[in-house]
Amino acid sequence: QVQLVESGGGLVQAGGSLRLSCAASSGRTFSSYAMGWSRQAPGKEREFVAGIDWFAASTYYAESVKGRFTISRDNAKSTVYLQMNSLKPEDTAVYYCNADTSFSTIIRKAADYWGQGTQVTVSS
């Protein structure tokens, strides 16, 4: 079992930045898990945003956020981050942290473990 707790969401103007954090607690070593972020806007399906493998050797982004968002992790702190720059109103959504032992499963939005989500609202 992995417990994931997101933080850092809020209200920001278009063009601004936010940094999301996700703290993990588990009986297994944090580096056993690939990590990712997905988001869901009202009335829309959940969308993959970014993923990072076990030791940050590989990252993967949705086209809609590439060049603006950066995913990173600190295995010593059991935490994954999502730095979001140049935010747009269409980035408004609940952002969910997720974890799985498989990196490809993260990208397919089929992770075993999910956090409760944190709201990000971008005003125009």
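What you see is a predicted model, and the numbers here were worked out from it, not measured in a lab.

An account of the packing of aromatic side chains is requested, with residue identities and associated values reported.
This model, assessed by the stated rule, comprises four aromatic pairs. Geometrically, the ring pair formed by Tyr96 and Trp114 is edge-to-face, given 6.5 Å between the ring centres and 75 degrees between the ring planes. With Tyr96 in strand E9 (residues 93–100) and Trp114 in strand E10 (residues 113–114), the pair connects residues that are 18 residues apart, well separated along the chain. A relative accessible area of 24% places Trp114 in the partly exposed class. The cationic tip of Arg19 hangs over the ring face of Tyr81; the distance from NZ or CZ to the ring centre is 4.0 Å. Sitting over the ring of Tyr96, Arg46 keeps its end group 3.9 Å from the ring centre.

Help me get a handle on the pairing of strand E11 (residues 118–123), residues and values and all.
The two faces of E11 differ: Thr118, Val120 and Val122 on one face are buried, but Gln119, Thr121 and Ser123 on the other face are not. Looking at chain direction, strand E2 (residues 10–13) and E11 are connected through four bridges and run parallel. Looking at E11, one finds that Val12 is bridged to Val122. With three bridges joining them, E9 and E11 adopt antiparallel strand pairing. When the bridges of E11 are listed, Ala93 appears paired with Val120.

Quick rundown of the side chain of Arg73? Include the residues and the values.
As for its placement among the helices and strands, Arg73 is situated in strand E7 (residues 69–74). One polar contact links the side chain of Arg73 to the main-chain carbonyl oxygen of Asp53, over a distance of 2.8 Å. Side-chain polar atoms of Arg73 contact the side chain of Asn75, separated by 2.7 Å. Contact partners of Arg73, with chain neighbours within four places excluded, come to Phe30, Ser31, Tyr33, Ala34, Met35, Ile52, Asp53, Trp54, Ala56, Thr79, Val80 and Tyr81.

Describe the sheet that holds E7, listing the residues and the values that go with them.
Pairing is antiparallel in the open sheet, where four strands are placed in the order E1-E3-E8-E7. Only two strands of the sheet have a single partner each, and these edge strands are strand E1 (2–7) and E7. Looking at each pair of strands side by side, their axes are set apart by 15 degrees on average, direction ignored. Summarising the sheet, E1 and strand E3 (residues 18–26) pair through six bridges and their orientation is antiparallel. The residue of E3 that forms the bridge with Glu6 is Cys22.

Calculation rules
Within any chain, residue numbers begin from 1 and follow the written order of that chain's sequence. Given that this is a predicted model, residues contribute local features only at a pLDDT of at least 70 and side-chain atom pairs are listed and counted only at 80 or more, while totals for whole chains, interfaces and linings are drawn from all residues. Values reported for side chains reflect all heavy atoms of the structure, with hydrogen atoms and water molecules removed beforehand. A pair of aromatic rings is counted whenever rings of Phe, Tyr or Trp (Trp by its six-membered ring) have centres within 6.5 Å, and the orientation is called stacked for planes under 30 degrees apart, edge-to-face for over 60 and tilted otherwise. Strands are runs of DSSP state E lasting at least 2 residues, helices are runs of H or I lasting at least 4, and numbering of each runs from the N terminus. Burial status follows relative accessibility: with a 1.4 Å probe on protein chains alone, a residue under 20% of its type maximum counts as buried, one over 50% as exposed, and anything between as partly exposed. Note on geometry: a ring has a charge over it if NZ (lysine) or CZ (arginine) is within 6 Å of the ring centre and within 35 degrees of the ring normal. DSSP-based pairing: two strands are paired if at least 2 bridges between them are found. Polar contact criterion, stated in full: a pair of N or O atoms within 3.5 Å, where within protein one must be able to donate a hydrogen and the other to accept it, and residues adjacent in sequence count only if both atoms are side-chain atoms. By the convention used here, residues are in contact when the closest approach between their heavy atoms is within 4.5 Å. Simply put, an axis is a line fit to the C-alpha atoms, just over the touching stretch for a helix, and the angle between two N-to-C directions goes from 0 to 180 degrees.

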